Amino acid sequence: MSIVSLANFWQHPLSVLKVREQCLVVPDEPVRAVELLLTKPKGDLVTRGYGALFVNRQVGDLVRWETYRFIYPRFRSTVASLLPIPTLEEASEEEDTARVNYLSHIGSWFASHALMSLATHPFSVAGTWVTCQQPTAQPSKIAVPRILPLRYWNEVSTAWNEIGQTEGKSYFDGLGARLFSTVCVSTLHEYLCNQVDFYMDEKSEKKIESLVQLQGIHVNSLREILLRKWTRSMTVGVLTALSYSFVKSLFYPLMTVCHRMEAQGVSDLLPIRYSNSLDCATSIIREEGVRGLFAGFQTHLLSLLPELVLSAGFLVVGAALIKITPEKVLKPLYAQTAQLPMHA
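Residues numbered from 1 in each chain as written. Predicted model: local features only at pLDDT ≥ 70, side-chain atom pairs only at ≥ 80, totals over all residues. Heavy atoms only, no water.

**Details of the overall build of the chain**
Each helix and strand in the chain was counted, giving twelve helices and zero strands. Along the chain, helices and strands appear, N-terminal first, in the series α-α-α-α-α-α-α-α-α-α-α-α. Looking at the chain as a whole, 44% of its 344 residues are labelled buried. Restricting the contact set of the chain to residue pairs at least 6 apart, pairs at least 24 apart contribute 82%. Carbon and sulfur atoms provide 64% of the accessible area of the chain, an area that totals close to 19,100 Å². (Helix = DSSP H or I, 4+ residues; strand = E, 2+ residues; numbered from the N terminus. Buried < 20%, exposed > 50% of the residue type's maximum accessible area, 1.4 Å probe, protein only. Contact = heavy atoms within 4.5 Å. Areas by Shrake-Rupley, 256 points an atom, 1.4 Å probe, with all protein chains shown as cover.)

**Considerations on the packing of aromatic side chains**
Two aromatic rings are characterised by how far apart their centres lie and by the angle between their planes. Taken as a whole and judged by the stated rule, the model has nine aromatic pairs. A ring pair is formed by Trp-65 and Trp-109, whose centres lie 5.7 Å apart and whose planes are at 70 degrees; its orientation type is edge-to-face. Of the two residues, Trp-65 is situated in helix 3 (residues 50–82) and Trp-109 in helix 4 (residues 93–131); the sequence distance between them amounts to 44 residues. Classification of Trp-65 as partly exposed rests on a relative accessible area of 40%. Where Tyr-252 meets Phe-297, the ring centres are 5.1 Å apart and the plane angle is 80 degrees; that geometry is what we call edge-to-face. One end of the pair, Tyr-252, is in helix 8 (residues 252–263); the other, Phe-297, is in helix 10 (residues 297–303), and 45 residues separate them in sequence. A residue is classified by how much of its surface remains accessible, and Tyr-252, at 2% relative accessible area, is buried. Residue Phe-297 is classed as partly exposed on the basis of its relative accessible area of 23%. Members of the aromatic cluster, joined through ring pairs, are Trp-65, Tyr-68, Tyr-72 and Trp-109. Stacked on the ring of Phe-70, the Lys or Arg Arg-74 has its end atom at 3.9 Å from the ring centre. (Phe/Tyr/Trp six-rings, centres within 6.5 Å; stacked < 30°, edge-to-face > 60°. Lys NZ or Arg CZ within 6 Å of the ring centre and 35° of its normal.)

**Here we look at the pattern of salt bridges**
Applying the stated criterion across every chain yields a total of six salt bridges. Where Lys-169 meets Asp-173, a salt bridge forms, and the shortest distance between an N and an O atom there is 3.2 Å. In this pair, the class of Lys-169 matches that of Asp-173, namely buried. A salt bridge links Glu-262 to Arg-178; its shortest N-O distance comes to 3.1 Å. (Salt bridge = Lys/Arg side-chain N within 4 Å of Asp/Glu carboxyl O.)

**Examining the environment of Arg-99**
Looking at the element boundaries, Arg-99 is found in helix 4. Counting along the chain gives 19 residues from Arg-99 to Ala-80, while the straight-line C-alpha distance between them is 9.3 Å.

Given below as structure tokens:
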């Protein structure tokens, strides 16, 4: 299980609270809202929407990676044909290939995330719909086997049935805000990750080369090399989580607009009143001020902590284990990793 997946179990209650604050279901006061959320009979709200989140992630990952695999080679051929062929004075063949690969990767990444947003948005609407329901709303009484994927799908299908029966409600409310937000966040985050990866690769390679040249291959250097490889890998993970948190916070107002659009019509407290994302944004600014776009922002910052804490924890624990690992384990471990590139 990846760190991101593990963090989702921890941060989901905070995400539920954030969405309810964004949609004005509960006051934008984190301490008071947490108490309200966890007080019976409202305690069941901490798990609401997790089924839609689970299905959303599975479908999103499938669409994103399969789309990327399909688009990248075709996009690369197009980019290579459009870019001018450099002379020997302008650039080497390796530099030109790297430029084509980078532009192709960014373009394919951009397109795959746009298609992912389009494919998964109805699941996001279902998740927000369930999350913003009043505590008195009863779950579906349909008998469902105690198999998590089936129970998750039951939550989504029940929400879709309610949305379809609501006059003026659409499965694609807020799509514009989500599409723009997802594309901006994913593209900027990918750029920052590439910069972090390039810096850490260059720094780590130089240190390891100097260790091998000066100390030779013996146990102390093997331990040091493995420790530096692990530290480099997990440091990239921490910096990646930090960059994602920064970028996601930068475009937070867009998600406020998206969630308001998704939740409208769920109850009398949230009637259908916005025609599109632009109308929603202007109405929020006019009625609540710019601060209204940042409703739930403090809870949002708290929800980013699990991934950062887990990444830092794995870094510390892994480094400690390498330091105490016996020699007979270190040698085969180095033999398995010595031929791997630094980013593996």
